[in-house]
Amino acid sequence: MASVRVCALDDLVENQASRFVLEGVPIAVVKDAAGDVFAIGDTCTHGDISLSEGFVEDDTLECWAHGSQFSLKTGKPLTLPAYEPVPVYQVEIQGGDVHIDPAVTLTV
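Everything numeric here is computed off the predicted structure, so don't read it as measured data.

**Overview of the pattern of salt bridges**
Phase 1: Counting across every chain of the model gives 2 salt bridges.
Phase 2: The partner of Arg5 in a salt bridge is Asp97, and the shortest N-O contact between them spans 3.2 Å. Highlighted residues: Arg5 in strand β1 (residues 4–8) and Asp97 in strand β9 (residues 97–105), separated in sequence by 92 residues.
Phase 3: Owing to a relative accessible area of 45%, Arg5 belongs among the partly exposed residues under this scheme.

Listed below in structure tokens is the structure:
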């Protein structure tokens, strides 16, 4: 599968996660203060909680329910209780739009 248009870059709110479901895959998309865009799996590996409802701080997304923080760059949990990483997806900006291929995860 090729990358899919998710939204316009300008639709993303800085330091706030947005949830998108692409081909049945829930993905949290974050634009940081520097304008970089990250996409990680939207489901916390500790519990079935949407990460996009959590809090963005620096380069992490924190699960609102139990406090686990996930790296936006690697998907790895940086705090307990989660210990399994979430998938990370490649983001491409094309003509001011955010594109993601939900079938391809990055190895980091």
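**A word on unusual backbone geometry**
Phase 1: For the bond running from Leu80 to Pro81, omega is 15 degrees, close enough to zero to count as cis.
Phase 2: By the secondary structure assignment, Pro81 is in the loop between β7 (69–71) and β8 (88–94).
Phase 3: In the Ramachandran plot, Glu23 falls in the positive-phi region, its phi being about 50 degrees despite a non-glycine side chain.
Phase 4: Considering the arrangement of structural elements, one finds Glu23 in the loop between β2 (17–22) and β3 (25–31).
Phase 5: In this structure, Asp58 takes a positive phi of about 55 degrees despite not being glycine.
Phase 6: In this structure, Asp58 sits in the loop between β5 (55–57) and β6 (60–62).

**What to know about the UniProt feature "domain: Rieske" (unreviewed entry) in the protein chain**
Phase 1: Per the UniProt entry, the sites bearing "domain: Rieske" (unreviewed entry) are residues 4–100 in this numbering.
Phase 2: A distance of 5 Å separates the end C-alpha atoms of residues 4–100, which is 0% helix and 44% strand.

Scoring rules and cut-offs
- Residues numbered from 1 in each chain as written.
- Predicted model: local features only at pLDDT ≥ 70, side-chain atom pairs only at ≥ 80, totals over all residues.
- Heavy atoms only, no water.
- Salt bridge = Lys/Arg side-chain N within 4 Å of Asp/Glu carboxyl O.
- Helix = DSSP H or I, 4+ residues; strand = E, 2+ residues; numbered from the N terminus.
- Buried < 20%, exposed > 50% of the residue type's maximum accessible area, 1.4 Å probe, protein only.
- UniProt positions renumbered as here; feature names shortened; annotations may be inferred.

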